[in-house]
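In case you want the letters, here they are:
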Amino acid sequence: QVLLVESGGGLVQAGGSLRLSCLASGTIARINAMGWYRQAPGKQRELVATITKDHNTNYVDSLKGRFTISRDNAKNTVYLQMNTLKPEDTAVYYCAAHDWTIGYDYWGQGTQVTVSS
């Protein structure tokens, strides 16, 4: 079993920055990729960015350049640096981990990010 705990969310003004963290614990040896997703009020959950164990990254085109995903394998932690935040970025941000051996995704409980105008 894998447990994911997000932190770092909060309330910021437009143009500000936040850094989200996702700490993974449990049986994580078979987790080869992790990612961040978000769900805005009244909308479906959407992909933000992913990162593999060897640090290959993918981003939604509209966010590339403002958001940066990274990981520290020694700390079992994935980060999402969010800069130049906009009110449209307001959402609950979720961390996810992929077990490639069984095609199973683990999910964190989410952390709220609110950007005021």
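Here, every reference points to the structure presented above.
Residues numbered from 1 in each chain as written. Predicted model: local features only at pLDDT ≥ 70, side-chain atom pairs only at ≥ 80, totals over all residues. Heavy atoms only, no water.

## Describing the side chain of Glu-6
By secondary structure assignment, the location of Glu-6 is in strand S1 (residues 2-7). Buried within the structure, Glu-6 lacks any salt-bridge partner; Arg-45 is the closest side chain of opposite charge, at an N-O distance of 7.7 Å. A polar contact is formed between the side chain of Glu-6 and the backbone nitrogen of Cys-95, at a distance of 2.8 Å. A polar atom in the side chain of Glu-6 sits 3.1 Å from the backbone nitrogen of Gln-109. Those residues in contact with Glu-6 that lie beyond four places of it in its chain are Ser-21, Cys-22, Trp-36, Tyr-93, Tyr-94, Cys-95, Gly-108, Gln-109, Gly-110 and Thr-111. (Helix = DSSP H or I, 4+ residues; strand = E, 2+ residues; numbered from the N terminus. Buried < 20%, exposed > 50% of the residue type's maximum accessible area, 1.4 Å probe, protein only. Lys, Arg positive; Asp, Glu negative; His and termini not counted. Salt bridge = Lys/Arg side-chain N within 4 Å of Asp/Glu carboxyl O. Polar contact = N/O pair within 3.5 Å; in protein donor to acceptor, adjacent residues only side chain to side chain. Contact = heavy atoms within 4.5 Å.)

## Brief notes about the packing of aromatic side chains
Applying the stated criterion to the full structure yields two aromatic pairs. Aromatic pair Tyr-104 and Tyr-106: ring centres 4.7 Å apart, planes at 75 degrees, arrangement edge-to-face. The aromatic ring of Tyr-79 is capped on one face by Arg-19, whose charged end is 3.9 Å from the ring centroid. Sitting over the face of the ring of Tyr-94, Arg-45 holds its NZ or CZ atom 3.8 Å from the ring centroid. (Phe/Tyr/Trp six-rings, centres within 6.5 Å; stacked < 30°, edge-to-face > 60°. Lys NZ or Arg CZ within 6 Å of the ring centre and 35° of its normal.)

## Points about the environment of Trp-36
If you trace the backbone, Trp-36 turns up in strand S4 (residues 31-39). A relative accessible area of 0% means that Trp-36 is categorised as buried. Residues Trp-36 and Cys-22, spaced 14 residues apart in sequence, show a C-alpha to C-alpha distance of 9.1 Å.

## Some points on the sheet that holds strand S8 (residues 77-82)
Ordered by their spatial adjacency, four strands build an open sheet running S1-S3-S8-S7, and the pairing between neighbours is antiparallel. Among the strands making up the open sheet, the edge pair consists of S1 and strand S7 (67-72). Neighbouring strand axes in the sheet, compared pairwise and without regard to direction, differ in orientation by 15 degrees on average. In this sheet, S8 lies alongside strand S3 (residues 18-26) in antiparallel orientation, the contact comprising six bridges. Bridge pairing in S8 places Ser-21 opposite Tyr-79. (Pairing = 2+ DSSP bridges. Axes fitted to C-alpha atoms, helices over the stretch in contact; angles between N-to-C directions.)

Function-wise, these values are silent; they only describe arrangement.
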